[in-house]
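Observations on the model geometry
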Amino acid sequence: MFVLVEMVDTVRIPPWQFQRKLNDSIAEELNKKLANKVVYNVGLCICLFDITKLEDAYVFPGDGASHTKVHFRYVVFHPFLDEILIGKIKGCSPEGVHVSLGFFHDILIPPESLQQPAKFDEAEQVWVWEYETEEGAHDLYMDTGEEIRFRVVDESFVDTSPTGPSSADATASSEELPKKEAPYTLVGSISEPGLGLLSWWTSN
């Protein structure tokens, strides 16, 4: 679920932080810049693990701050495909079951990846597994807040870096707001034995 990623960045330290230890100032600046941010094709950055190398620091004309090239390792949330995770159901919609891990919320289990047969209850706004038994079908509801075990089957990164306005945007209505996309999403599946709500598989 978590990996260590080697990164390189140039860190700017303002003059009023010169009295502090350089490593402490750099660690603070790196966490300000990266913590809780998604790096494209890398994952969700959590926190600095360690600093492996500091190159020479430079002060440029007209800027009293120091600029140091830093080699470091960062803890990143990036589960591998087919990894089994446990989260909580954040909500349900016709698009599928939305799952949260507490610190990461952009996880979707689409309808075709649910335990089958499944149906969406419009009144309750929940997905239901119609579990077949010898006594007939039992409806097992996927309620909000329930813990769910799922397999990661796909991931998607979207480059959300700001871009300049295009000619098409200039002619569009200023009232139209662009749709906000999540920079990093996971797609899950529970369509196999042992996956789904933990309460389904609890032995008596």
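So, here's what we can say about the structure. Please read all numbers here as calculations on a predicted model, not as lab measurements. All chains use their own residue numbering, which begins from 1 and follows the written sequence. Only residues with pLDDT of 70 or above have their local features reported here, since the model is predicted, and side-chain atom pairs are shown and tallied only from 80 upward, although totals for entire chains, interfaces and linings are computed over all residues. The side-chain quantities take in all heavy atoms of the structure and omit both hydrogens and water.

Considering the nonpolar core
By size, the foremost hydrophobic cluster in this structure holds 26 residues, and its most contacted members are V97, I109, M142, F150 and I190. Where helices and strands are cited, they refer to DSSP runs of H or I of at least four residues and of E of at least two residues respectively, numbered from the N terminus. Elements supplying a minimum of two residues to this core: β5 (84–93), β6 (96–100), β7 (107–109), β9 (126–133), β11 (147–157) and β12 (184–189). The element that contributes the greatest number of residues to this core is β11, accounting for 4 residues. L30, V42, L48 and V76 belong to the second largest nonpolar core, which has 15 residues in total. Here the nonpolar core consists of buried residues drawn from Ala, Val, Leu, Ile, Met, Phe, Trp, Tyr and Cys, with membership extended through side-chain atoms lying within 4.5 Å. With a 1.4 Å probe rolled over the protein chains alone, any residue whose accessible area is under 20% of its type maximum counts as buried; one over 50% counts as exposed, and the rest are partly exposed.

What to know about a negative patch on the surface
Patch definition: residues above 30% relative accessible area lacking any salt bridge, with like charges linked at up to 9 Å and the nonpolar side chains Val, Leu, Ile, Met, Phe, Trp and Tyr linked at up to 5 Å. Note that accessible areas follow from Shrake-Rupley with a 1.4 Å probe, and for residues the cover is restricted to the protein chains shown. The term salt bridge refers to a pairing of a side-chain nitrogen on Lys or Arg with a carboxyl oxygen on Asp or Glu at a separation within 4 Å. Charged residues are defined narrowly, with Lys and Arg counted positive, Asp and Glu counted negative, and His plus the chain ends left uncounted. Every charge is mapped onto a representative atom, which is NZ of Lys, CZ of Arg, CG of Asp or CD of Glu. The grouping of E124, D143, E146 and E147 at the surface amounts to a negative patch. Along the chain, the position of D143 falls in the loop between β10 (136–141) and β11.

Remarks on the pattern of salt bridges
Per the counting criterion, the structure on display carries 9 salt bridges. Across the pair K32 and E29 runs a salt bridge, and its minimum N-O distance is 3.8 Å. Of this pair, K32 and E29 are both found in helix α1 (residues 22–34), 3 residues apart, which corresponds to roughly one turn of the helix. According to the relative accessible area criterion, E29 is buried, its value standing at 19%.

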